[in-house]
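# Observations on the model geometry
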Protein chains: 2
Amino acid sequence: MTEMEQMGARAKAAARVLAREGAKKSAALFAAAEALTAHQEEILAENRLDLAAGREAGLTESLLDRLALSPARIAGMAEGMRAVASFPDPVGRPVGGTTHPNGMRITKVTVPLGVIGIIFEARPNVTADAAALCLKAGNAVILRGGKEAIRSNRSITAVIRGALEQAGLPADCVQLVQDTSRASAAEMMNLTQYLDVLIPRGGAGLIRAVVEQARVPVIQTGAGNCHIYVDASADPDQAAKIILNAKASRPSVCNACEKVLVHRAAAQKVLPKIKAALDTKNVVIHGCPETREILGSCVVPATEEDWGREYLDYILGVRVVGSLDEALEHIAKYSTGHSEAILTQDYSAARRFQQEVDSAAVYVNASTRFTDGGEFGLGAEIGISTQKLHARGPMGLEQLTSVKYLIEGDGQIR
Amino acid sequence: MTEMEQMGARAKAAARVLAREGAKKSAALFAAAEALTAHQEEILAENRLDLAAGREAGLTESLLDRLALSPARIAGMAEGMRAVASFPDPVGRPVGGTTHPNGMRITKVTVPLGVIGIIFEARPNVTADAAALCLKAGNAVILRGGKEAIRSNRSITAVIRGALEQAGLPADCVQLVQDTSRASAAEMMNLTQYLDVLIPRGGAGLIRAVVEQARVPVIQTGAGNCHIYVDASADPDQAAKIILNAKASRPSVCNACEKVLVHRAAAQKVLPKIKAALDTKNVVIHGCPETREILGSCVVPATEEDWGREYLDYILGVRVVGSLDEALEHIAKYSTGHSEAILTQDYSAARRFQQEVDSAAVYVNASTRFTDGGEFGLGAEIGISTQKLHARGPMGLEQLTSVKYLIEGDGQIR
């Protein structure tokens, strides 16, 4: 057995213990939260080594910022763990069933998925967040973070593993892949014998690689080429306010707006207001010819490539369309299925848009930035699924479970 | 674009129309059921050509039997379609949500998956069954059956497509892949741009090939190495009756029992009764040394390979175990996660077995043969999922849907 296979086998064994000893999960998470704070100095020391190595390797400032821990960030991780520990147990909930005419009782109950693999990049806080959510849902987890954060991740994982043992659970409920080479990621993607699901958390490149290569079932997260369609009847001031928020309140996240489509009948009135709002944050507009005609040459000409792009930056693609149908066509063609919004006062247009746009979250008169587990009332989230199988939209604890049927009889045969 | 890609694009367009025109689905299915009966002679004529070609190619009798249609089988297909048409619409059901503190209404509703691919083997009735279930759940479907049934499938598909058009829906809601080569299956498995999910229906070889090769998300169905564990406290007569039913009432199906584990304390008393029952159907036992000691040399010595095998035949693997724990270990090691049962009068043993066995259906004192959509109250089923992602156990209409979030606001920003 390779090292990865051994980890898989240990995770599977740990998952079986968790299925029996689920009552200990929350205590373990509270203990882990305590331990993170208690071992703060060690974690920060390891993190400083990662940061030094990262600076030497020439990581960008924004990557270094994602990598950096601080007492406040560690406190945040611990706080997140306590919050997850406090949620109701998502496992063992009856969610369906029936009594068969022959008297058998059939109950569908939630169960853990089993063993979850997470492949992520440079954020060490993902280690604690993902471990907490997976564990609360009764799963063993194998974490494989980026090489930039390996020392921090190792330190955080060691602290959590200690807390698990203290609480009477196997340390192997949470394991970290020590080898951060591409080969280890590739091996993990094909660990079908041990992994029940693989969740990549990171940029579009990582997610594409996992979807291309993995034979383990994958939940795709994150890619968001989100559209806002400004209908003819939209309130221009509200439109400008929502678009500014959706684009510029945090451009690096997947629920940020990347494209605005404006109905031709509203373009003359709405586009200047949108531009004025975006100017306050120095957002650059990439626009279609009509947009440039109205807003002038400060608008960069949009190319075909623009419409499919997720900028994750202070850039917005803008296109004038002739009708709701044209907007729906454009969205069907270019959307990644994350979040789209219509701004309108027209009841029928709102209804059609919500019915026909095939995305995880479809808004009327609100910012796409709300697509988030916390905002949608799920508590925490492990990512936002842009696929349709198993989970769609923000994934909370419920999406980290499966079901099984329990059938109780007294001799029934068919 | 290749022919397969063109089919994908047409299916995707048809799925968008279905999302708008969902009200027409059931009428289309009733019309298709009518049409199947009305065009019975054409379908039977094509089926006779398939059968003749199959005989020439030397298909086994059991394959020819699966391939054969008759007026009764066509009536059964039509009846199945009407039943599916009569079910409540699985699409558009609110299944969650909340009102955000800022006043936005957030509703989670069921939606179609989109485009479903089905790869199946020689049973032409799958064409009608799968089309009906996919369509009722609002999905377009691309069917790819085995070459043995191509004429029958073409004829059935043509009839359904005609009924769809009559009902005002695009014929391309249901498409049949004309090319039955391996290459067409391989291309379909990688049609990620158009297919939302792929469901293989058939033998273990087909399912393995799809899981190995597909980049489209797959729902695994079918493989059932199902175990019955006879605990020390089991009622011996009831055990014999249940095991006979589970093994021999229909050995070729995935919920048939393949292995029996017997607690050592019950072996002397129970094994002869089990054997006597199985003898009435000429079931051959492959047993461990202890089983052979008790039952004699008519028992074929079981090899390691036996424990992982799905016989789908009048063969049963039998092993004596020393404890519930040993039974749980054996099942964890060899089960395909389909259906397992414990026969016991011991409350704690029943409870532990149901909690710790990680299979889609876990029985106490009943036959594994009940794992079926109809028996579990789902109406019809498109297969039995042995994976944990998205669907587990019998898959009905609900499992052919996804969800989306609809958010209605009046200017909210974050």
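Structure: see above.
A brief report on the enclosed structure follows. (Residues numbered from 1 in each chain as written. Chains lettered and ligands numbered in written order. Predicted model: local features only at pLDDT ≥ 70, side-chain atom pairs only at ≥ 80, totals over all residues. Heavy atoms only, no water.)

### Things to note about the overall build of chain A
A tally of helices and strands in chain A yields 15 helices and 16 strands. In terms of overall dimensions, chain A is globule-like: its C-alpha atoms have a radius of gyration of 24 Å, near the 22 Å expected for 414 residues. Projected onto its principal axes, the C-alpha positions of chain A cover 70 × 70 × 35 Å. The buried share of chain A, taken over its 414 residues, is 56%. Counted over contacts in chain A with a minimum sequence separation of 6, partners at least 24 positions apart contribute 71%. Charge centroids of chain A, computed over 45 positive and 47 negative side chains, lie 2 Å from each other. (Helix = DSSP H or I, 4+ residues; strand = E, 2+ residues; numbered from the N terminus. Rg over C-alpha atoms; globule rule 2.2 N^0.38 Å. Buried < 20%, exposed > 50% of the residue type's maximum accessible area, 1.4 Å probe, protein only. Contact = heavy atoms within 4.5 Å. Lys, Arg positive; Asp, Glu negative; His and termini not counted. Charge placed at Lys NZ, Arg CZ, Asp CG, Glu CD.)

### Some remarks on the interface of chain B and chain A
Each partner contributes residues to the interface: chain B has 70 residues there, and chain A has 69 residues. For the chain B and chain A pair, buried surface summed over both sides reaches about 6,000 Å², with 49% attributable to carbon and sulfur atoms. Taken together, the connections running from chain B to chain A amount to 12 salt bridges. For Arg215(A), the salt bridge identified is with Glu212(B), shortest N-O distance 2.7 Å. Viewed at the interface, chain A and chain B are joined by 52 residue pairs in polar contact (both at pLDDT 80 or more). For the side of chain B that touches chain A, the leading source of residues is strand 16 (residues 401–412) of chain B, giving 11 residues. Looking at the side of chain B that touches chain A, its residues break down into 31 nonpolar, 20 polar and 19 charged. Bridge analysis of strand 16 (residues 401–412) of chain A against strand 13 (residues 361–366) of chain B gives 5 bridges, and the strand direction is parallel. For Ile407(A), the partnering residue across the bridge sits in strand 13 of chain B and is Tyr363(B). (Buried area = accessible area lost by both parts, 1.4 Å probe. Salt bridge = Lys/Arg side-chain N within 4 Å of Asp/Glu carboxyl O. Polar contact = N/O pair within 3.5 Å; in protein donor to acceptor, adjacent residues only side chain to side chain. Nonpolar A, V, L, I, M, F, W, Y, C, P; charged D, E, K, R; others polar. Pairing = 2+ DSSP bridges.)

### Details of the relation of the copies chain B and chain A
One copy of the chain maps onto the other through a rotation about an axis followed by a shift along the same axis. Note on the identical chains: chain B maps onto chain A by a rotation of 180 degrees and an axial translation of 0.0 Å, with an RMSD of 0.0 Å. Taken together, the rotation angle and the small translation identify this as a two-fold axis. Residue His390(B), judged by its C-alpha, is the member of chain B lying nearest the rotation axis, at 1.8 Å. When the interface residues of chain B are mapped onto chain A, 99% of them are again interface residues, pointing to one common binding face. (Least-squares fit on C-alpha atoms with pLDDT ≥ 70 in both.)

### A short note on the sheet that holds strand 5 (residues 174–176) of chain A
All names here are of chain A. Strands sit in the order 5-4-3-6 across an open sheet of 4 strands; the sheet is parallel. A single partner strand is all that each edge strand has here, and the edge strands are strand 5 and strand 6 (197–201). Mean inter-strand twist for the sheet, computed between neighbouring axes without regard to direction, equals 20 degrees. Across 5 bridges, strand 3 (residues 115–120) lies against strand 6 in parallel orientation. By the bridge assignment for strand 6, Gly117 is matched with Leu198. (Axes fitted to C-alpha atoms, helices over the stretch in contact; angles between N-to-C directions.)

### Some points on helix 2 (residues 25–38) of chain A
All names here are of chain A. The first and last C-alpha atoms of helix 2 sit 20 Å apart over 14 residues, in line with the 20 Å expected at 1.5 Å per residue. Buried residues of helix 2: Lys25, Ala28, Leu29, Ala31, Ala32, Ala33, Ala35 and Leu36, and no others. Elements in contact with the buried residues of helix 2: helix 1 (3–20), helix 3 (40–56), helix 5 (71–86), helix 6 (125–136) and helix 7 (150–166). (Expected span 1.5 Å × (residues − 1).)

### Observations regarding the pattern of salt bridges
Applying the stated rule across the entire model yields 46 salt bridges over all chains. Residue Arg352(A) is joined to Asp325(A) by a salt bridge in which the shortest nitrogen-to-oxygen separation is 2.9 Å. You can see Arg352(A) sitting in helix 15 (residues 347–356) and its partner Asp325(A) sitting in helix 14 (residues 324–334), a full 27 residues away along the chain. For Arg352(A), a relative accessible area of 27% puts it in the partly exposed group. A residue is classified by how much of its surface remains accessible, and Asp325(A), at 43% relative accessible area, is partly exposed. With a closest N to O distance of 3.3 Å, Glu34(B) and Arg82(B) form a salt bridge. With Glu34(B) in helix 2 (residues 25–38) and Arg82(B) in helix 5 (residues 71–86), this pair connects stretches of sequence that are 48 residues apart.

### Points about the nonpolar core
Most often, soluble globular proteins have nonpolar side chains that are buried together. Counting residues in each nonpolar core, the largest one holds 73 residues, and the members touching the most others are Leu36(B), Met81(B), Ile118(B), Leu198(B), Ile199(B) and Ile382(B). Counting residues per element, this core draws most heavily on helix 6 (residues 125–136) of chain B, which supplies 8 residues. (Core = buried A, V, L, I, M, F, W, Y, C linked by side-chain atoms within 4.5 Å.)

### Things to note about the sheet that holds strand 8 (residues 257–263) of chain B
Strand pairing in a sheet takes place through backbone hydrogen bonds and is either antiparallel or parallel in direction. The strand order across the open sheet built from 10 strands is 1(A)-2(A)-16(A)-13(B)-12(B)-7(B)-8(B)-11(B)-9(B)-10(B), with neighbouring strands paired in mixed fashion. Of all the strands in the sheet, just strand 1 (94–99) of chain A together with strand 10 (300–301) of chain B have a single pairing partner and so form its edges.

### Focus on the environment of Met77(B)
Residues and elements named next belong to chain B. Position of Met77 relative to the elements: it lies in helix 5. Residue class for Met77 comes out buried when judged on its relative accessible area of 2%. Spatially, the C-alpha atoms of Met77 and Val253 are 19 Å apart, while their sequence positions differ by 176 residues. Ignoring sequence-local partners within four residues, the contact set of Met77 consists of Leu36, Leu69, Asn125, Ala128 and Ile156.

### Focus on the environment of Asn102(A)
Mapped onto the secondary structure, Asn102(A) falls in the loop between strand 1 and strand 2 (105–112). Separated by 172 residues in the primary sequence, Asn102(A) and Ile274(A) place their C-alpha atoms 65 Å from one another. The contact partners of Asn102(A), leaving out residues within four places of it in the chain, are Gln412(A) and Phe370(B). In terms of polar contacts, Asn102(A) uses its side chain to reach the backbone amide nitrogen of Met104(A), at 2.9 Å.

### Focus: unusual backbone geometry
In this structure, Leu312(A) is a non-glycine residue whose phi angle is positive, near 55 degrees. Mapping Leu312(A) onto the fold places it in the loop between helix 13 (304–308) and strand 11 (315–321). The phi dihedral of Asn365(B) is positive, around 50 degrees, even though this residue is not glycine. Here Asn365(B) shows up in strand 13. Residue classification places Asn365(B) among the buried positions, given a relative accessible area of 6%.

### Describing the packing of aromatic side chains
Scanning the model with the defined rule gives 4 aromatic pairs over all chains in all. Between the aromatic rings of Tyr229(A) and Phe353(A), the centroid separation amounts to 6.4 Å while the plane-to-plane angle is 20 degrees, which identifies the pairing as stacked. One end of the pair, Tyr229(A), is in strand 7 (residues 226–230); the other, Phe353(A), is in helix 15, with 124 residues separating them in the sequence. A relative accessible area of 0% means that Phe353(A) is categorised as buried. Arranged with centres 4.8 Å apart and planes meeting at 45 degrees, the rings of Tyr405(A) and Phe376(B) form a pair that is tilted. (Phe/Tyr/Trp six-rings, centres within 6.5 Å; stacked < 30°, edge-to-face > 60°.)

### Regarding the pairing of strand 2 of chain A
Residues and elements named next belong to chain A. Of all the 8 residues making up strand 2, 7 are buried; the element is thus mostly covered by neighbouring parts of the structure. Hairpin geometry of strand 1 and strand 2 is characterised by an intervening segment of 5 residues between the two adjacent antiparallel strands and by a positive phi of about 100 degrees at Gly103. Both strand 2 and strand 16 contribute to a ladder of 8 bridges, which runs antiparallel. When the sheet's bridge partners are listed, Arg105 is paired in strand 16 with Glu408.

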